[in-house]
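Structural overview for review
Each chain, written out:
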Amino acid sequence: MHATGGRAAPPDTFEWRLPPGFPPPRVPPDNPMTPAKVELGRRLFYDTRLSGNGTQACAGCHRQTLAFTDGRPRAVGSTGEVHPRSSLSLANVAYNVALTWADPDLRSLEEQALVPMFRERPVELGLAGREKELVARLEADGLYAGMFRAAFPGEPGAIRIGNVTRALAAFERTLISGDSPYDRLVYQGRMDALPEAAWRGMRLFFSDRLACSKCHGGINFAGVVVFEGMVGRVEPVFQNTGLYNLGGPGNDPAEDDGLRSVTHRRRDTGRFRTPTLRNIALSAPYMHDGSIPTLEAVIDHYAAGGRAGDNNRYKSLLIRGFAITAAEKHDLIEFLRSLTDESFVTDARFADPWRSPGPVR
Amino acid sequence: MWKMSAVAVVAFVLLHGAALASGGSPMPAPRSPRMAPSAPRLTPEQEAAQRYNDGLKHKDKADALASEAEAEASNAKKRAKLEASARKEYEKAMKEFLGATDRNPAMFQAHGGLGYVYRKTGDFAAALKAYDRALELEPKYTPAIEYRAEAYLGVNRVDEAKTAYMALFNSDRARADELAAAMKSWLQRRRQDAAGLAPETIEDFAKWLSQREEIAGQTSALIQPHGSRW
């Protein structure tokens, strides 16, 4: 299904070009990767026709230069509606156990793509009830007619919602970030890749005192991951990071109580998925609601053991506070900056094809 | 009747070759085609697998004797005797591995086995040649990557050993850890006897190894080694 270099691959074989140390992502059997499908997905990802009013593409909330986040505290949909949560980075999204901020059951990118397209509360791309209109828009574009045929060969009526989400998912699986200074040190063996301060920060990050890696561990700095060839099923982990204590111990803002809104279990109040720290210096502001503006402030938050200290019954036991000097904080931030992969945010394979040389809309 | 029973025994051994592999170089024999009871002769591949597995048995025995000799610090005479016995077993293993490569030149495991016994008997040049051949035939054969790195250390080619470590770090973390342990032992020996290496080279290597061990302790292995294959 995928080649990793060496022999020349047939034209319908997708070549991952994985960074050293990165396993091949898991791909659903009914949506194999092909270059034509990935390229179609890229077109769709950057196409504003994928919103009801034609003003917003997926890329509106997932900008490459910001590691596929949007720089806003909370996302804004195509109709201007502000969301309760911030846009998650798509870097290495192929390895995520679960998707979005707080849904343990949403595990496939194909299914996830339906959420921004059709959700009504809040409206994201605003396509609910406009499925036929979307298909008609795409059918009217001769470029898409050829691209869908190439991506889904032999399928009559290939332009349909199911194939739109398959193509989007295929493109998103290619968004692999693994060439940061940290990666060059750890997986490429370049021992001078990290400045001294970042190296000291790395020790702090993995230390028991700060325990950052207890949640932000693994190849994606987001806890457990899934990948091709992996044995067994893993479950996503959600944590309450002590952000809120409104209207009584542990209560989160009424409009968003995290995992509890899905499970309806009180103990899941304010619990959200641990996001990746890859490219974290590019994805401010932070936390699920963008309520912390800088990395310095995030460290202060965790050093204090959360906003409400220990007066939060739902807070994760891992959020217990720690002492940190100004110099250590500086080092830790240098380490977090070393997780920035400049090549990822400039890689032409992930860029807006409507702006690149080639067919013009 | 006797002939048929012998063939059946050989077939059993071949099909269960993996069970015979143990110790430092676990290399199961390649699968052999199922043999009909009337099959008069083994194919060259099957003969090679048989010789290879016999070689492994001698290698394992030699490794055990060598460990025993190493532990025998107080009695020099006994130690020398154990070392001589180990050497004999390595020579027997070498003969079998050579036989295997003669019958099946594409059997990378046997080339790897040869590299192992050459290295253990101090012939690093021959060991490197054998490992190179094994890796030409199968570039992902991590046992050969690991043991070739140890052979590199034997001839002070530290940069190549480091490169091998990184290849294992990204493909077979358990073997990378084993290599790191072997590197640590090598370092101790070189600190006692530099064998022509400059002191700063030795200390640079010590720093590198300490940093890599720190990194290995902080990161988890994701890619599953080809355990079932090798």
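The structure we're discussing is the one just above.
**Details of the overall build of chain B**
Across its full length, chain B carries ten helices and zero strands. Buried positions account for 47% of the 230 residues belonging to chain B. In chain B, the proportion of contacts linking residues at least 24 apart, taken out of those at least 6 apart, comes to 63%. Of the roughly 11,900 Å² of accessible surface on chain B, a fraction of 54% belongs to carbon and sulfur atoms.

**So, the overall build of chain A**
Looking only at helices and strands, chain A features 13 helices and four strands. The proportion of buried residues among the 361 residues of chain A is 57%. For chain A, long-range pairs separated by at least 24 residues make up 66% of all intrachain contacts whose partners lie at least 6 apart in sequence. Counting only carbon and sulfur atoms, one obtains 53% of the accessible surface of chain A, whose full area is about 15,600 Å².

**Observations regarding empty space enclosed by the protein**
Residue and element names in this part refer to chain A. Going through the model one piece at a time under the given rule, you end up with two cavities of 30 Å³ or more. Reported here for the largest cavity is a volume of approximately 850 Å³. Taken together, 48 residues line the largest cavity, and the ones lying closest to its centre are His-216, Pro-275, Leu-277, Met-287 and Tyr-302. Looking at the lining of the largest cavity, the elements with two or more residues in it are helix 9 (212–215), strand 4 (272–273), helix 11 (295–303) and helix 12 (326–337).

**Observations concerning the interface of chain B and chain A**
Interface size, as often reported, equals the accessible area lost upon joining of the parts. Contact residues are listed per partner, giving 14 residues for chain B and 20 residues for chain A. A buried area of about 1,400 Å², summed over both sides, lies between chain B and chain A, and 65% of it is on carbon and sulfur atoms. Inspection of the region where chain B meets chain A yields one salt bridge. The partner of Glu-214 of chain B in a salt bridge is Arg-203 of chain A, and the shortest N-O contact between them spans 2.5 Å.

**What about the pattern of salt bridges?**
A side chain with one charge can pair with a side chain of the opposite charge if their charged atoms come near. All told, the structure shown has 43 salt bridges over all chains when counted by the stated rule. With a closest N to O distance of 2.6 Å, Asp-268 of chain A and Arg-271 of chain A form a salt bridge. Relative accessible area serves as the criterion here: at 0%, Asp-268 of chain A is assigned to the buried category. Put simply, Glu-96 of chain B and Arg-51 of chain B hold a salt bridge, and the shortest N to O gap is 2.5 Å. You can see Glu-96 of chain B sitting in helix 4 (residues 76–103) and its partner Arg-51 of chain B sitting in helix 3 (residues 44–71), a full 45 residues away along the chain. Overlapping salt bridges bring together Glu-146, Asp-172, Arg-175 and Glu-178 of chain B as one network.

**Observations concerning the packing of aromatic side chains**
Counted under the stated rule, the structure contains 27 aromatic pairs over all chains. Here the aromatic rings of Tyr-116 of chain B and Tyr-147 of chain B are separated by 5.3 Å at their centres, their planes lie at 85°, and the arrangement is edge-to-face. Residue Tyr-116 of chain B is located in helix 5 (residues 108–120), and its partner Tyr-147 of chain B is located in helix 7 (residues 142–154); the two are separated by 31 residues in the primary sequence. Here the aromatic rings of Tyr-165 of chain B and Phe-169 of chain B are separated by 6.0 Å at their centres, their planes lie at 35°, and the arrangement is tilted. One end of the pair, Tyr-165 of chain B, and the other, Phe-169 of chain B, are both in helix 8 (residues 158–169), four residues apart, so they sit about a helical turn from each other. With a relative accessible area of 3%, Phe-169 of chain B lands in the buried category. A network of ring pairs unites the aromatic residues Phe-22, Tyr-95 and Tyr-187 of chain A together with Tyr-165, Phe-169, Trp-186, Phe-205 and Trp-208 of chain B as a single cluster.

**Points about helix 10 (residues 199–218) of chain B**
Given a rise of 1.5 Å per residue, 20 residues ought to cover 28 Å, and the 29 Å separating the end C-alpha atoms of helix 10 of chain B matches this to within 8%. Within helix 10 of chain B the residues assigned to the buried category are Ile-202, Phe-205, Ala-206, Trp-208, Leu-209, Gln-211, Arg-212, Ile-215, Ala-216 and Gln-218 of chain B. Tucked inside the fold, the buried residues of helix 10 of chain B contact helix 7 (181–186) and helix 8 (196–205) of chain A together with helix 7, helix 8 and helix 9 (173–192) of chain B.

**Focus: the layout of surface pockets**
To find leftover empty space, one rolls a probe the size of a water molecule over the atoms. Residues and elements named next belong to chain B. Taken as a whole, the largest pocket holds about 1,000 Å³ of empty space. As for the largest pocket, its lining consists of 30 residues, of which Glu-70, Arg-119, Lys-120, Glu-150 and Arg-189 are closest to the centre. In terms of residues, the lining of the largest pocket owes the most to one element, helix 9, which gives seven residues. Considered class by class, the residues forming the lining of the largest pocket number twelve nonpolar, six polar and twelve charged. Counting residues domain by domain, the lining of the largest pocket receives three or more from each of domain 1 (44–122) and domain 2 (140–221).

**Topic: unusual backbone geometry**
A cis geometry characterises the amide bond from Arg-121 of chain A onward to Pro-122 of chain A, with omega recorded as 0°. Tracing the backbone shows Pro-122 of chain A in the loop between helix 3 (114–118) and helix 4 (131–139). Following Ala-284 of chain A, the chain continues into Pro-285 of chain A via a peptide bond in cis, with omega recorded as -5°. Looking at the secondary structure, you find Pro-285 of chain A in the loop between strand 4 and helix 11. For Asn-156 of chain B, which is not a glycine, the phi torsion comes out positive at approximately 65°. When you line up the elements, Asn-156 of chain B lands in the loop between helix 7 and helix 8.

**Quick look at the side chain of His-111 of chain B**
Examined against the element boundaries, His-111 of chain B turns out to sit in helix 5. With sequence-adjacent residues up to four places away left out, His-111 of chain B is seen in contact with Thr-101, Pro-105, Ala-130, Arg-133, Ala-134 and Leu-137 of chain B.

**Some points on the packing of helix 4 of chain B against helix 5 of chain B**
Relative orientation and spacing of two packed helices are given, respectively, by the angle between their axes and the distance between those axes. Residues and elements named next belong to chain B. Viewed as axis vectors pointing N to C, helix 4 and helix 5 meet at an angle of 155°, and their least axial separation amounts to 9 Å. By the criterion of interaxial angle, the relationship of helix 4 to helix 5 is roughly antiparallel. Considering how the two elements wind past one another, helix 4 and helix 5 form a crossing that is left-handed. Where helix 4 abuts helix 5, its residues Tyr-90, Ala-93, Met-94, Phe-97, Leu-98, Ala-100 and Thr-101 lie against Ala-110, His-111, Gly-113, Leu-114, Tyr-116, Val-117, Tyr-118 and Lys-120. Of the residues contributing to the contact of helix 4 with helix 5, the split by class is eleven nonpolar, three polar and one charged.

**Observations regarding helix 9 of chain B**
Residues and elements named next belong to chain B. The end-to-end C-alpha separation of helix 9 is 29 Å, in line with the 28 Å expected for 20 residues at 1.5 Å each. For helix 9, the full list of buried residues reads Arg-173, Arg-175, Ala-176, Leu-179, Ala-180, Ala-182, Met-183, Trp-186, Leu-187 and Arg-190. Lining the buried residues of helix 9 we find helix 7, helix 8 and helix 10.

**Examining the nonpolar core**
The biggest cluster of nonpolar side chains holds 145 residues, and the ones touching the most others in it are Leu-44 and Phe-148 of chain A together with Tyr-165 of chain B. In terms of domain composition, this core takes at least three residues from each of domain 1 (44–122) and domain 2 (140–221) of chain B. If near-sequence neighbours (up to four positions away) are discounted, Tyr-165 of chain B is found in contact with Ala-176, Leu-179, Ala-180, Met-183, Trp-208, Arg-212 and Ala-216 of chain B.

Calculation criteria
- Residues numbered from 1 in each chain as written.
- Chains lettered and ligands numbered in written order.
- Predicted model: local features only at pLDDT ≥ 70, side-chain atom pairs only at ≥ 80, totals over all residues.
- Heavy atoms only, no water.
- Helix = DSSP H or I, 4+ residues; strand = E, 2+ residues; numbered from the N terminus.
- Buried < 20%, exposed > 50% of the residue type's maximum accessible area, 1.4 Å probe, protein only.
- Contact = heavy atoms within 4.5 Å.
- Areas by Shrake-Rupley, 256 points an atom, 1.4 Å probe, with all protein chains shown as cover.
- 1 Å grid on protein atoms, 1.4 Å probe; cavity = no way out; pocket = protein on both sides within 12 Å on 5 of 7 lines; lining within 4 Å.
- Points joined across faces, edges and corners; volume = space filled by probe spheres on them.
- Buried area = accessible area lost by both parts, 1.4 Å probe.
- Salt bridge = Lys/Arg side-chain N within 4 Å of Asp/Glu carboxyl O.
- Phe/Tyr/Trp six-rings, centres within 6.5 Å; stacked < 30°, edge-to-face > 60°.
- Expected span 1.5 Å × (residues − 1).
- Nonpolar A, V, L, I, M, F, W, Y, C, P; charged D, E, K, R; others polar.
- Domains from an automatic or database assignment.
- Axes fitted to C-alpha atoms, helices over the stretch in contact; angles between N-to-C directions.
- Parallel < 35°, antiparallel > 145°, perpendicular 65-115°, else oblique.
- Left-handed = near helix turned anticlockwise from the far one by under 90°.
- Core = buried A, V, L, I, M, F, W, Y, C linked by side-chain atoms within 4.5 Å.

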